[in-house]
Amino acid sequence: MAYAQEIEIPHLPEDTESRVRAYYEVWQAAAKGGKVPDRKVLNGHVLAPWVDDICIYEYLPQKRDFIIRIDAPNIIEASGEDYHGCSPRQIDLDFGTTLHATLLEVIDHGKPAFHRIGYERKVWEEWLRLLLPVRATDRQGRLIEQVFVTHFFYRGAS
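Residues numbered from 1 in each chain as written. Predicted model: local features only at pLDDT ≥ 70, side-chain atom pairs only at ≥ 80, totals over all residues. Heavy atoms only, no water.

As for empty space enclosed by the protein
So, point 1. Going through the model one piece at a time under the given rule, you end up with one cavity of 30 Å³ or more.
So, point 2. Taken as a whole, the largest cavity encloses approximately 270 Å³ of empty space.
So, point 3. Taken together, 20 residues line the largest cavity, and the ones lying closest to its centre are Ile75, Ser79, Ile91, Phe95 and His151.
So, point 4. Of all the elements, helix 3 (residues 73–79) adds the most residues to the lining of the largest cavity, at four residues.
So, point 5. Partitioning the lining of the largest cavity into residue classes produces 14 nonpolar, three polar and three charged. (1 Å grid on protein atoms, 1.4 Å probe; cavity = no way out; pocket = protein on both sides within 12 Å on 5 of 7 lines; lining within 4 Å. Points joined across faces, edges and corners; volume = space filled by probe spheres on them. Helix = DSSP H or I, 4+ residues; strand = E, 2+ residues; numbered from the N terminus. Nonpolar A, V, L, I, M, F, W, Y, C, P; charged D, E, K, R; others polar.)

In structure tokens:
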């Protein structure tokens, strides 16, 4: 089993790269009035600069679980695993994290969550993980709740 150290943080660190901060600001701008943003606003065109960073986890309310619809290339490369089609519970089992429980909090409260993640490949690395709730509708107009799970390599101070 691999191991990841996960530390919840209340907000993005001051030394967060501008590219990461810009991504979060795009989400915040779409979350007008504190509402969970709609995917119609946060579409592929708007999110193009971060397309290789965004995983999409879709909430399955009948199971109180998620399915990973898109697994980002940057995190597949970092972990060596592709979890597309899996539950985040598998990530928790493989890395000793609490991702599933955090995702449920994000869905339940409609608020983002931030973590510093430590992960050892060849050397110890730190990543910022942003979990940002979003909403979409299916062709029948039913609500689909999702979470953008994004990981960015963190070069900040320890």
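Picking up after the structure, the text goes on.
Thoughts on the pairing of strand 4 (residues 113–120)
So, point 1. Most of strand 4 sits out of view: seven of its eight residues are buried.
So, point 2. With six bridges connecting them, strand 1 (residues 4–9) and strand 4 associate as antiparallel partners. Within strand 4, the residue paired with Glu8 across the bridge is His115.
So, point 3. For strand 4 and strand 5 (residues 124–137), the ladder comprises eight bridges, and the chain directions are antiparallel. Note on strand 5: the bridge partner recorded for Tyr119 is Glu125. (Buried < 20%, exposed > 50% of the residue type's maximum accessible area, 1.4 Å probe, protein only. Pairing = 2+ DSSP bridges.)

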